[in-house]
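Now for the letters of each chain:
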Amino acid sequence: MSALSEDWRDDLDEVDAALIDDYQSGFPVAERPFRVVADELGIEEDDALERVKRLREKGIFRRFGAVLNPPVIGSSTLAAVSAPDDRFDEVAEVINGYQQVNHNYRRDHDWNMWFVVTAGSRETRDRLLAEIEERTGCEVLNLPMLTDYYIDLEFPVMNEDRFARESLEQTEVSATRISENATGNLSDLDARLLVEIQDGFPLSKTPYRDVAEAIDAEPAEVIDAIERLLADGCIKRIGCIVNHVVTGFHNNCMVVWNVPDDELDARGEHVGSLPYVTLCYHRPRRPEQDWPYNLFTMIHGREADAVDEKIDELADEYLPFEHERLYSTKTLKQTGAQYEALVSSED
């Protein structure tokens, strides 16, 4: 979806702004969530629901619902190949054909195709990577996440910020270890629920009741399960999921850093707390594949120059180490993780 016009905010009022910036997370887990939000905003329940529908139709919201967490639910990895220019499209077609591949980008680097694989188990994940390697004839760089310092694309967009969260002072972070053998320990209800909500909740006054009916459960069971999955980290947040690209934050860069191992957690937590760092995590080095980097960061901005300025600041003040900037030059595939495969024991 292309970006909105520069005056996209002109027909939005303070209530719309509050829905966009203040309800990206923490949306009520209650049988009538829009009634709760309406009371908080001083409007009627019908108005709250219609406004979210309108913002979704305009493309400002991608969806209303849950942000799920594949590395906790199953086994996920970031992978890359070096696809020859004359076979690039062919290799991309093979990789994008896998249901378990939900993101794929061309980046300006020798490793020029970067994709995310999520599966129900580490064994399945690694089997898929081996199959991709065999079918494409391209060596695969396998970089599973080992530590999450900060990962969440939740930030205000009703502003003139040049880069994400320019107006904020700090982000709360913690070093969360990620197991490559994660399975989420999902019940049958949990699994059916995640599949049902992967593309969002119904936009109705009773979304949790509607989900419950779809999976043959009671509303109270669904609400309890969602609260439990939030506490366990399988769900990161519930809210109105903003489309950052169409609201102007279409410039981004993945920067990889070679940080001394004994400084990694301290540096990762410090950098992750910087408001302009939208993603910060630890992945393994692969020296045998000429990959010495172990810390990944991303910065999103409305202006390319602003993104570069903040990367310079990171290098000068916080991460004075060898690094490379991997700019995304083309989106090859971008979908949500497909949870039918992720929660299945037979994927």
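For clarity, every value in this text was computed on a predicted model and none was experimentally measured.

Caption draft 1: Here's a closer look at the nonpolar core. Leu193 and Val222 are the most contacted members of the largest nonpolar core, which has 45 residues in total. If you list the elements that add at least two residues to this core, you get helix H1 (14–22), helix H2 (33–41), helix H3 (45–58), strand S1 (61–68), helix H7 (188–197), helix H8 (207–214), helix H9 (219–232) and strand S8 (235–242). When residues in this core are grouped by element, the largest group, five residues, is from H9. Setting aside chain neighbours within four positions, we find Val222 in contact with Leu193, Tyr208, Val211, Ala212, Ile215 and Ala217. Counting 22 residues, the second-largest nonpolar core is a separate cluster that includes Tyr149, Trp257, Leu295 and Ala315.

Caption draft 2: The arrangement of unusual backbone geometry in detail. A positive phi is found at Arg165, a non-glycine position, where the angle reads about 60°. Here Arg165 shows up in the loop between strand S6 (147–151) and strand S7 (176–177). Under the relative-accessibility criterion, Arg165 is labelled buried at 2%.

Caption draft 3: View of the packing of helix H5 (residues 88–96) against helix H6 (residues 122–136). Relative orientation of the contacting elements H5 and H6 amounts to 150°, with a least axis distance of 10 Å. What the angle tells us is that H5 and H6 run roughly antiparallel. When you trace H5 past H6, the crossing you get is right-handed. Packed against H5, whose contacting residues are Val91, Val94 and Ile95, the element H6 presents Ile132, Arg135 and Thr136 at the interface.

Caption draft 4: Main features of the packing of H7 against H9. One can describe the packing of H7 onto H9 by two numbers: an axis separation of 10 Å at closest approach and a directional angle of 85°. With respect to H9, the axis of H7 lies roughly perpendicular. Note on element contacts: H9 touches H7 through Glu221, Val222, Ala225, Ile226, Arg228 and Leu229, opposite Leu189, Asp190, Leu193 and Leu194.

Caption draft 5: How the structure looks around a negative patch on the surface. Together, Asp216, Glu218, Glu221, Asp224 and Glu227 make up a region of like negative charge exposed at the surface. As for its position among the elements, Glu218 is in the loop between H8 and H9.

Reading guide: rules and limits
- Residues numbered from 1 in each chain as written.
- Predicted model: local features only at pLDDT ≥ 70, side-chain atom pairs only at ≥ 80, totals over all residues.
- Heavy atoms only, no water.
- Core = buried A, V, L, I, M, F, W, Y, C linked by side-chain atoms within 4.5 Å.
- Buried < 20%, exposed > 50% of the residue type's maximum accessible area, 1.4 Å probe, protein only.
- Helix = DSSP H or I, 4+ residues; strand = E, 2+ residues; numbered from the N terminus.
- Contact = heavy atoms within 4.5 Å.
- Axes fitted to C-alpha atoms, helices over the stretch in contact; angles between N-to-C directions.
- Parallel < 35°, antiparallel > 145°, perpendicular 65-115°, else oblique.
- Left-handed = near helix turned anticlockwise from the far one by under 90°.
- Patch = residues over 30% accessible without salt bridge, like charges linked within 9 Å, V, L, I, M, F, W, Y side chains within 5 Å.
- Areas by Shrake-Rupley, 256 points an atom, 1.4 Å probe, with all protein chains shown as cover.
- Salt bridge = Lys/Arg side-chain N within 4 Å of Asp/Glu carboxyl O.
- Lys, Arg positive; Asp, Glu negative; His and termini not counted.
- Charge placed at Lys NZ, Arg CZ, Asp CG, Glu CD.

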